[in-house]
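Chain residues, written in single-letter form:
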Amino acid sequence: GRHPYWMEPVQGRERPAGVGVGWTTEGHCVEYRSDERGLVASIDLQGCAERYLSPPLRPLLDRDLLAEGAVTVARRFLGPGVAVTVGGREGERIGNTPTVRRTQVTYEAPERGYHYEATGEVLSSERRRLLDGDIRLRLRPPGRRQAAAP
């Protein structure tokens, strides 16, 4: 699964949509997506891409850290001054059973070249436990997107 694979071409194009590394049932851990010229336009990383990153950056894609809080982890790496959306809800509590806390954190910074999204379901008990979680990070060249002149 670590070998690169050509990704299916976009409808109406002969060139592949990009190259994927680390095949999973949900896509690739790392996807190098191309633009209409065939150049790398973005790099998409999923949580399973953690092993492809340098050790100091691995916590950014570590699913287990979602139990501690995605905002804390993301803020440490992505910094302040970006558009941050935090959403979520607490599950219904029945008797003494622990509840499930669902959260979604989105960091958007086109000027810096990234979009980060982390969703998680954490069992709220004495020791928090991650039930489900997903992390995605899209990297693009920094700057505002503009339409190309004809």
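Residues numbered from 1 in each chain as written. Predicted model: local features only at pLDDT ≥ 70, side-chain atom pairs only at ≥ 80, totals over all residues. Heavy atoms only, no water.

1. Here's the deal with the overall build of the chain
Selection criterion: Here a strand is any run of E in DSSP of at least two residues, a helix any run of H or I of at least four, and the numbering for each starts at the N terminus. Three labels apply to residues, based on accessible area from a 1.4 Å probe with only protein chains included: buried if under 20% of the type maximum, exposed if over 50%, partly exposed otherwise in between. Throughout, the Shrake-Rupley method with a 1.4 Å probe supplies accessible areas, and for residues the shown protein chains are the sole cover considered.
Within the chain one finds one helix and eight strands. Here the chain, with 150 residues, has 33% of them falling under the buried criterion. When the accessible surface of the chain is totalled, it reaches about 10,000 Å², and 52% of it is carbon and sulfur.

2. What about the pattern of salt bridges?
Convention followed: Any Lys or Arg side-chain nitrogen located within 4 Å of an Asp or Glu carboxyl oxygen qualifies as a salt bridge.
All told, the structure shown has seven salt bridges when counted by the stated rule. As a salt-bridge pair, Arg102 and Glu121 come within 3.2 Å of each other at their nearest N and O atoms. Of this pair, Arg102 sits in strand β6 (residues 99-109) while Glu121 is found in strand β7 (residues 114-124), placing the two residues 19 residues apart along the sequence. Arg102 gets classed as partly exposed once you look at its relative accessible area, which sits at 27%. Among the charged side chains, a network of salt bridges with common partners joins Glu31, Arg33, Asp44 and Arg138.

3. Structural notes on the nonpolar core
Applied cut-off: As used in this record, nonpolar core signifies buried Ala, Val, Leu, Ile, Met, Phe, Trp, Tyr and Cys residues forming a set joined through side-chain atoms within 4.5 Å. Contact definition: two residues touch when any of their heavy atoms are within 4.5 Å.
Leu45, Leu61, Leu78, Tyr107, Tyr116 and Leu137 are the most contacted members of the largest nonpolar core, which has 23 residues in total. Every residue in contact with Leu61, bar those within four places of it in the chain, is listed here: Leu45, Gln46, Gly47, Ala49, Glu50, Leu53, Ile135 and Leu137.

4. Let's talk about the side chain of Asp62
What counts is decided by this rule: We treat Lys and Arg as the positive residues and Asp and Glu as the negative residues; His and chain ends play no part in the count.
Inspection of the secondary structure assignment puts Asp62 in the loop between β4 (40-46) and α1 (70-78). An unpaired buried charge is present at Asp62: no salt bridge exists, and Arg63, the closest side chain of opposite charge, is 7.0 Å distant. With residues up to four places along the chain from it excluded, the contact list for Asp62 reads Glu50 and Ile135.

5. Notes on the pairing of strand β3 (residues 27-34)
Rule in force here: A pair of strands counts as paired when DSSP detects no fewer than two bridges linking them.
Where strand β2 (residues 16-24) meets β3, six bridges bridge the pair, whose relative direction is antiparallel. Note that in β3 the partner of Gly18 across the bridge is Arg33. Two strands pair when backbone bridges link them, and β3 and β4 are joined in this way by five bridges, in the antiparallel orientation. Bridge pairing links Val30 to Leu45 in β4. Between β3 and β4, which pair antiparallel one after the other, the connecting turn spans five residues, and Gly38 there sits at a positive phi close to 90 degrees.

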